[in-house]
Amino acid sequence: MHIPDGYLSPSTCAVLYAAAIAGWYSALKRLKRMLLSRVVPLISVFAAFSFVVMMFNLPLPGGTTGHALGVTISAIVLGPSGAVLAISIALAIQALFFGDGGISTLGANCFNMAIVASLVAYASYRLIAAGAAIGSKRRVAAAAIAGYLAVNAAALIAAIEFGIQPALFHDARGMPLYAPYPLGIAVPAMMIGHLTLAGAAEAAISAGLVAYLQAADPTLLRNTAGVLPATETASALMPAATTSLRRLWMAVALLMVLTPLGILAAGKAWGEWSPSELAMRQSAGQTASAAGDSVAPSAPPAGMQRLAKLWTAPFPAYAPSFVKSARFGYLLSAMFAVGILVLVSFAAQFWVQRRREVRHS
Amino acid sequence: MARAGFLTSTMLGFTRALARAMVSEQIARQAGLLQSLDPRVRVIGLFTMVLAVLLSRRIAVIVALFFVAVIIAILSRVGVGMLVKRVWLVVLGFTGVIAFPAIFLTPGDPVAAFAGGPLRITVQGVQTATLLIARVETAVTFTSLLVLCTPWTHVLKALRTFRLPQEAVMLLAMTHRYIFLLVETAGQMFESRQSRTVGLLKGAAGRRITARSAGVLLSKSIELSNEVYLAMQSRGFRGEIRILSDFHMRSWDYLGLAAFLAAGSLSAWVGR
Amino acid sequence: MAMPPMFELRDVYFEYDGIPALHGLSVQIAEGESVALLGANGSGKSTLLRILDALYFPSRGQVCFSGQPLTPEALHQEEFALSFRRRVALVFQNPDVQLFNPTVFDEVAFGPLQMQWSKEEVLSRVSATMELMGIAHLRDRPPYRLSGGEKKRVALASVIVLDPDVLLLDEPTSTLDPRSQSQVIDLIQDWKGSSKTVITATHQLEIVDDIASRVLVLEEGRVGATAAPAEILANYELLLRANLVHAHRHSHGTITHSHPHLHSHSKHEHEH
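The structure displayed is predicted, hence computed values, not measured ones. (Residues numbered from 1 in each chain as written. Chains lettered and ligands numbered in written order. Predicted model: local features only at pLDDT ≥ 70, side-chain atom pairs only at ≥ 80, totals over all residues.)

1. Regarding the overall build of chain B
- When you go through chain B residue by residue, the secondary structure sums to 10 helices and two strands.
- A principal-axis box enclosing the C-alpha atoms of chain B has dimensions of 65 × 60 × 30 Å.
- The 272 residues of chain B split such that 47% are buried.
- Here the analysis covers contacts within chain B between residues at least 6 apart in sequence; of these, 76% occur between residues at least 24 apart. (Helix = DSSP H or I, 4+ residues; strand = E, 2+ residues; numbered from the N terminus. Buried ≥ 20, exposed ≤ 12 C-beta atoms within 10 Å, placed from the backbone. Contact = placed C-beta atoms within 7 Å.)

Have a look at this one:
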């Protein structure tokens, strides 16, 4: 899943660097609430550990072997902020020292494998293992599922990054300048390997590690176990600080979901375009969406492409040309997707909290 | 014999990683063009070149940059044979497989159609596949030059002087240092495991052993980090990172930096 | 006017996860003394050294350094912490724990940098110390390219660069080859003659006479006996009780007899 240099356009790289930097910054800030002198050796040794675990060859059913990412166990033991930093450091050393994974794509790789994967792993582990005793079988299952989901979420994001390249970056004659495949090809091609091998490897190593720690070193599982009185009180003391932040995020997420919907609704209300306008729009957007609009039988349009057109289609002719392009549609679709994700994670958090409160009362 | 054993292949991976690190250190110590430049110039300069490769839309410019990379490699005493083996063939294998179907799948003007079938080769397809391979090969060559000609400690020193948070630099330094220790520890664990294993390990047993080894390594890592924490405290570490950097840019370094920036922006402009 | 002792411990208790390591230990160590802490594995030697270095704090009892109590609060004050960390140095048993910097130079410079010395002072003290310890040629080496003896010397250099008044050494000669062992013992002997306080934890009886003028025997978390080395080494019963020697029973023909047997393991395995 390491994206090498050359597959992503410079602007994609820049955007993903910015996203990764935002993730690192907030992770570092959250960790600084802990003792910084303790954080430095803990994160660096853990990063070294995940680096080494990435080199483990794991036998899989069917006689093949796979490599795990190690992000799930990091998220379980260190929590999401620690995992974001540890995996990012490991990826940076792979890129800068061993030349695996690109320099320009380091931001993208960290965003996918360190940030997205850590958050997905942490959230799903917490959700499934909520309330389970440290030694329970449910924690092992939770680790397996979290690992599977985390790797596949990271792969999906990577596939989307690949898949939007041809629509966004191509020359006048429609030749893609970077990764050449649209979403309809990139997503399935990427996911087949991850839904099977890579996902299974991460699931197996995460479950095995949690089972091992249950027997050998259960204190390490307490960090995110949610049963320590300390963490209970901490979360009970903190809502004042976190709820305001949570509200802000909720508002942003709602905005993200509603903007594309609003545009759609607005388009339906005002959009009464004539056939001539339609033709004009097609010629204007032709080069921009050559890859998406193509009738090549082997490249079925992806759902997201249809979605993209759905957002942009209703614009009246006098709208600036960029809003009618496929790129704008992608942007809106992505916004919509991210907004949905944030809202779903809030719903999950809320559900977990409710269940805990019910049990405690 | 069909399976040489996952333990063996993991250990081979360890050895290979260590061997690569040693080779890099050897090359980095030789007298060559890149080695003569300040590490900061090397990092900025080669990153500029990677960026130029990414920004350029013309294949001719990318090929020209590729030859620039080869000339820099030769002047820095990086063997072309090593680049072929370690970089070019690996990238060609990986990116070639990915790029090949694009010849058919990219919509555009047909060059040739296979009789009756839906498959046809398009001009755009051939171009995009070639462009992708050329771009990735060239970018990875520049990255490899940085990795091969700069000892890790110099990369770290260069990063210190950029406006990176000092925590990040310290994390990178300590992680790298302990990777070597943990690779050694894991290697010893696998070795003793292998000597005790008779016959082939079935999948499930193999998975259990690997997870167990990872678990032991994890416990050891946490223990190690506790000890390192104490050792750092003992020498006065209080969470504030203080690092010495002693770099002096000479006129030769400024010349090198100017050359990189000029070459990078020129090719980005021509290839735009 | 009587000087307060360098260290004074009164009725100190300490436990790890509920397992007692020190159990009502009381001891005084005067300035300039050289003391050997003798005890079997698990007798609390390492714990005691870490308490003396204010890395651990007792769960009960009091520890004073030059008359000042060592508490977490005291170590929280920057001024006291920095002066204490400069004056008291601990060399860990496992040098990998102590060598957490990317190069030997950075390792030796770490302590001085934490003390916020000027750049010139850091540079001159570090080079002088590396010269003294015979590691100047290793200046830019990463720790994974050092031998066991070299690692130990770098670890020693990294603390004596601060010119501490008190040196705490945890099993300084274990895991070393004989030549490196004698080098380290020579060093300790040099300090023994100076005004420095040297406290060495060891389970190797044969080096005690060289490195100490007083021996503390630790038994089950408290001081079992304290006397001059010759006296302790002559007391077989004590050594037997403290698990430092074991009776060795064997038979020659029909006669079975037992005699004490010195432990002299040059290797020491540590399980976590």
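After that view, the rundown keeps rolling.
2. A look at the interface of chain C and chain B
- Each partner contributes to the interface: chain C provides 31 residues, whereas chain B provides 26 residues.
- Sorting the residues of the side of chain C that touches chain B by element identifies α3 (78-87), α4 (95-98), α5 (104-114), α6 (119-132) and α7 (148-160) of chain C as the ones contributing at least two each.
- At five residues, α5 of chain C tops the list of elements feeding residues into the side of chain C that touches chain B.
- Across the side of chain C that touches chain B, the residue classes break down as 17 nonpolar, seven polar and seven charged. (Nonpolar A, V, L, I, M, F, W, Y, C, P; charged D, E, K, R; others polar.)

3. Some remarks on the interface of chain A and chain B
- Counting residues at the interface gives 68 residues for chain A and 71 residues for chain B.
- Secondary structure elements with two or more residues in the side of chain A that touches chain B: α1 (10-31), α2 (36-54), β1 (58-59), α3 (71-97), α7 (183-216) and α11 (290-293) of chain A.
- The leading source of residues in the side of chain A that touches chain B is α2 of chain A, at 16 residues.
- Looking at side-chain class alone, the side of chain A that touches chain B contains 51 nonpolar, 12 polar and five charged residues.

4. Some details on the nonpolar core
- Grouped together as the largest cluster of nonpolar side chains are 253 residues, with contacts concentrated most on A117 of chain A together with L145 of chain B.
- Here the element with the most residues in this core is α3 of chain A; it accounts for 19 residues. (Core = buried A, V, L, I, M, F, W, Y, C linked by C-beta atoms within 7 Å.)

5. Side note on the pairing of strand β1 (residues 7-16) of chain C
All names here are of chain C.
- Sheet topology places β1 next to strand β2 (residues 19-29); eight bridges connect them, and they run antiparallel. Counterpart to Y16 in the pairing with β2 is I19.
- Between the end of β1 and the start of β2, which pair antiparallel, lie two residues, with D17 showing a positive phi angle near 45°.
- Both β1 and strand β4 (residues 60-65) contribute to a ladder of five bridges, which runs antiparallel. Bridge pairing in β4 places Y13 opposite R60. (Pairing = 2+ DSSP bridges.)

6. Some thoughts on unusual backbone geometry
- The phi angle at R77 of chain B is positive, at roughly 60°, despite the residue not being glycine.
- Within the secondary structure, R77 of chain B sits in the loop between α3 (59-75) and α4 (80-99).
- Even without being a glycine, D11 of chain C presents a positive backbone phi close to 50°.
- Relative to the helices and strands, D11 of chain C is located in strand β1.
- We classify D11 of chain C as partly exposed; it has 14 C-beta atoms within 10 Å.

7. Remarks on the sheet that holds β2 of chain C
- Ordered in space as β2-β1-β4-β5 (chain C), the four strands form an open sheet in which the pairing is antiparallel. Edge strands, defined here as strands with exactly one partner in the open sheet, are β2 and β5 (68-69) of chain C.

8. Observations regarding the confidence of the model for chain C
All names here are of chain C.
- Confidence in the prediction of chain C, expressed as mean pLDDT, is 85, and 89% of residues score 70 or more.
- In this model, residues 263-272 is a region of pLDDT below 50 whose contacts with residues beyond four sequence positions or in other chains number 12 contacts.
- Model confidence for the complex is summarised by a pTM of 0.76, with the ipTM given as 0.86. (pLDDT = per-residue confidence, 0-100.)

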